[in-house]
Amino acid sequence: MTTQTLSSPEVYQGQFGEFTITQSDRTSVIIYRAGLMGAALSFAIGSGLVLFNNNPIVTALTPLYTCFSLALGVSLFTIHIYMASLHRMLQIFWAIGSIASVILAISNTEPLALTVYNQPLTLFGVGFIFVALTGIYFKEAFCFNRLETKVLTLIVPLLLLGHLVGILPVEAESVLLGIWATLFLVFALRKTVQAIAADIGDKSVFTYLKEQRLAKV
């Protein structure tokens with residue numbers, strides 16, 4: 001007769017007390033990172049079609065953008081952020097950008113990528129998706145001091161705002177897009193080898209903040 005011994009979960013000491021990391025916590029981190037990888041790959045492929053093809057198949061960019069948006073949404077709903085209000089705000093930004101993208105795709109006969117490129121004012125709607133993405137970059141730069149996310153936090157608004165107001169030449173936009181796509185892939189790949197516990201963070205802080213919110217009700 002054999003006896004199966006289950007190892008007890010590891011106990012961590014947090015800022016406001018002890019906590020344990022569950023399998024559900026680990027699964028959420030894996031899903032978060034998978035979403036980032038899916039978004040990064042979709043964005044890189046789409047960027048490659050634009051940058052390395054004189055006559056890119058712009059119709060292929062719409063399904064790639066759809067995959068990018070859905071994958072980003074998955075990451076935004078599984079990311080661990082201490083400030084619940086910030087987390088919710090990023091999700092709302094993603095939702096606004098996604099809805100705006102669907103409306104533009106349905107209401108225009110030309111591919112979505114051409115609509116956004118030729119009508120920069122559409123970024124006031126679609127651009128919210130990239131605001132949410134920049135929020136992830138900023139969070140990762142702040143929490144883990146990652147060089148690539150620091151650069152991305154600057155490049156994304158520079159490229160989008162530059163295109164919106166028409167101050168960037170096409171060559172500069174191409175360079176910034178290439179850097180964005182490359183560093184996004186670097187970021188997603190580096191996340192795959194990072195300790196899972198790091199992305200979960202200090203759960204005692206989540207508990208403390210939740211108790212503070214309930215106390216105010």
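(A) Up close: the packing of helix α1 (residues 23-51) against helix α2 (residues 61-78). Contact geometry of α1 with α2 gives a least axis separation of 8 Å together with a crossing angle of 155 degrees. Taken as axis vectors, α1 and α2 run roughly antiparallel relative to one another. Pair α1 / α2 crosses with left-handed handedness.

(B) Layout of the environment of Arg146. Among the structural elements, Arg146 can be located in the loop between α5 (123-144) and α6 (147-165). Along the chain, Arg146 and Phe187 lie 41 residues apart, while their C-alpha atoms are 8.4 Å from each other. Beyond its immediate stretch of four places on either side in the chain, Arg146 contacts Glu140, Ala141, Phe187, Arg190, Lys191 and Gln194.

(C) Looking closely at the pattern of salt bridges. Within the structure shown, the criterion is met by six salt bridges. Among the ionic pairs, Asp199 bridges to Lys191, the shortest N-O distance being 2.7 Å. Accessibility classification places Asp199 together with Lys191 in one group, the buried group. One continuous salt-bridge network, built from bridges that share partners, spans Arg33, Lys139, Glu140, Lys191 and Asp199.

(D) Examining the packing of aromatic side chains more closely. Taken as a whole and assessed by the stated rule, the structure comprises eleven aromatic pairs. Centre to centre, the rings of Phe68 and Phe130 are 5.7 Å apart; their planes meet at 20 degrees, and the pair counts as stacked. Placement of the pair is Phe68 in helix α2 and Phe130 in helix α5, with a sequence separation of 62 residues. Both rings, one in Tyr137 and one in Phe187, keep their centres 5.9 Å apart while their planes meet at 80 degrees; by these two values the pair is edge-to-face. Of this pair, Tyr137 sits in helix α5 while Phe187 sits in helix α7 (residues 170-192), and the two are 50 residues apart along the sequence. Residue Tyr137 shares its accessibility class with Phe187, and that shared class is buried. Taken together, the ring pairs connect Phe43, Tyr65, Phe68, Phe130, Tyr137, Trp180, Phe184 and Phe187 into an aromatic cluster.

(E) Structural detail: unusual backbone geometry. Although it is not a glycine, Asn145 sits at a positive phi angle of roughly 55 degrees. The residue Asn145 is located in the loop between α5 and α6 in this model.

Rules of the game
Residues numbered from 1 in each chain as written. Predicted model: local features only at pLDDT ≥ 70, side-chain atom pairs only at ≥ 80, totals over all residues. Heavy atoms only, no water. Axes fitted to C-alpha atoms, helices over the stretch in contact; angles between N-to-C directions. Helix = DSSP H or I, 4+ residues; strand = E, 2+ residues; numbered from the N terminus. Parallel < 35°, antiparallel > 145°, perpendicular 65-115°, else oblique. Left-handed = near helix turned anticlockwise from the far one by under 90°. Contact = heavy atoms within 4.5 Å. Salt bridge = Lys/Arg side-chain N within 4 Å of Asp/Glu carboxyl O. Buried < 20%, exposed > 50% of the residue type's maximum accessible area, 1.4 Å probe, protein only. Phe/Tyr/Trp six-rings, centres within 6.5 Å; stacked < 30°, edge-to-face > 60°.

Function-wise, these values are silent; they only describe arrangement.
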